[in-house]
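# Structure assessment
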Amino acid sequence: VYTQWIGQALQTGVLSASTGSLAFGQLRAGTNSSLQSVTISNNGGNFSKVKNISFGAASGPFVGGGTNANPLFRDPTLGSDTASASYSFSPTTRGSFNQSVTISSNGGSQNVNLSGSAVGPVTSISAGPTFSIARPGDQRLGNFSVSNTTPDGNLGSLTNLTITGISFTGPDAGLFEVVGFTPGTVLSASQLQNISVRFLGSGTARDYNATLVLQTDQGAALG
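Quick look at the structure, then. (Residues numbered from 1 in each chain as written. Predicted model: local features only at pLDDT ≥ 70, side-chain atom pairs only at ≥ 80, totals over all residues. Heavy atoms only, no water.)

What follows concerns the overall build of the protein. Tallying secondary structure elements over the protein gives 1 helix and 19 strands in all. The C-alpha atoms of the protein give a radius of gyration of 29 Å, which is well past the 17 Å a tight globule of 223 residues would have. Buried residues in the protein amount to 35% of all 223 residues. Of the roughly 11800 Å² of accessible surface on the protein, a fraction of 47% belongs to carbon and sulfur atoms. Averaging the locations of the 9 positively and 8 negatively charged side chains of the protein gives two centres separated by 5 Å. (Helix = DSSP H or I, 4+ residues; strand = E, 2+ residues; numbered from the N terminus. Rg over C-alpha atoms; globule rule 2.2 N^0.38 Å. Buried < 20%, exposed > 50% of the residue type's maximum accessible area, 1.4 Å probe, protein only. Areas by Shrake-Rupley, 256 points an atom, 1.4 Å probe, with all protein chains shown as cover. Lys, Arg positive; Asp, Glu negative; His and termini not counted. Charge placed at Lys NZ, Arg CZ, Asp CG, Glu CD.)

See the structure below:
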């Protein structure tokens, strides 16, 4: 055994990775996936080492890696040392993403492909209503529509659009109000919601303007 140690201890081992790909599947844009790991070991001869190990760093919507590991020694009784690094998928926009990261060492390198698809709702709003008031003091109703035009299909919570609130800003904001709207209204793919706005005419003859602000959960999980 001593002769084997002297003859082989300085030999370079062979890097081996547990997987060549980490697939994160479909995820809603604005959310984070769970961690997935890749484990490496020394697949070389006994008493050999794999040194100078570096896990490639992910970028863009992928996170993780960018770390170094201790040498991997292979013992005839205990087997090989191992090391691991974790990666995750955190997309902020819709789309399909792929990235290859490299695990390098003096005992070779291994490429790991990271893949994931981000889906989600898409908010489309029609033009805001314009009110023609005959006399000061009149009240008028106008409508606009909100729709979920996601091209990802109806994937339930992955693509549902939730209208969480509606508010008005501007100097005349207090003269406009929403009628019959319930916060938390959910629109599935291709669904449309008509929303009514009431203008409360003032006693002064002039033009009145306000900006309607629509809050949704597009780009994030509800809440």
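Still more to cover.
A few words now on the sheet that holds strand S9 (residues 79-80). Within a beta sheet, neighbouring strands are joined by backbone hydrogen bonds and run either parallel or antiparallel to one another. If you walk across this open sheet you meet the 3 strands as S4-S8-S9, and the pairing is antiparallel. Looking at strand neighbours, the two that pair on one side only are strand S4 (49-50) and S9, the edges of this open sheet. (Pairing = 2+ DSSP bridges.)

In space, the 3 strands of this open sheet follow the order S17-S15-S19, with antiparallel pairing throughout. The open sheet has two edge strands with one neighbour each: strand S17 (185-187) and strand S19 (211-216). The sheet shows a mean angle of 40° between the axes of neighbouring strands, taken without regard to direction. Across 3 bridges, the pairing between strand S15 (residues 161-169) and S17 is antiparallel. From the neighbouring strand, threonine 162 faces S17, where its bridge partner is valine 186. (Axes fitted to C-alpha atoms, helices over the stretch in contact; angles between N-to-C directions.)

Of the pairings in the sheet, the one linking strand S5 (residues 53-55) to strand S11 (residues 95-105) comprises 2 bridges and is antiparallel in character. Residue pairing in the sheet places serine 54 in a bridge with serine 104 of S11. Here S11 folds back onto strand S12 (residues 108-119), and the loop between the two strands holds 2 residues.

You can see arginine 74 is positioned in strand S8 (residues 72-75). For arginine 74, a relative accessible area of 24% corresponds to the partly exposed category. Ignoring anything within four residues of it in the chain, the contact list for arginine 74 reads Asn42, Gly44, Gly45, Asn46, Phe47, Ser48, Gly79 and Ser80. (Contact = heavy atoms within 4.5 Å.)

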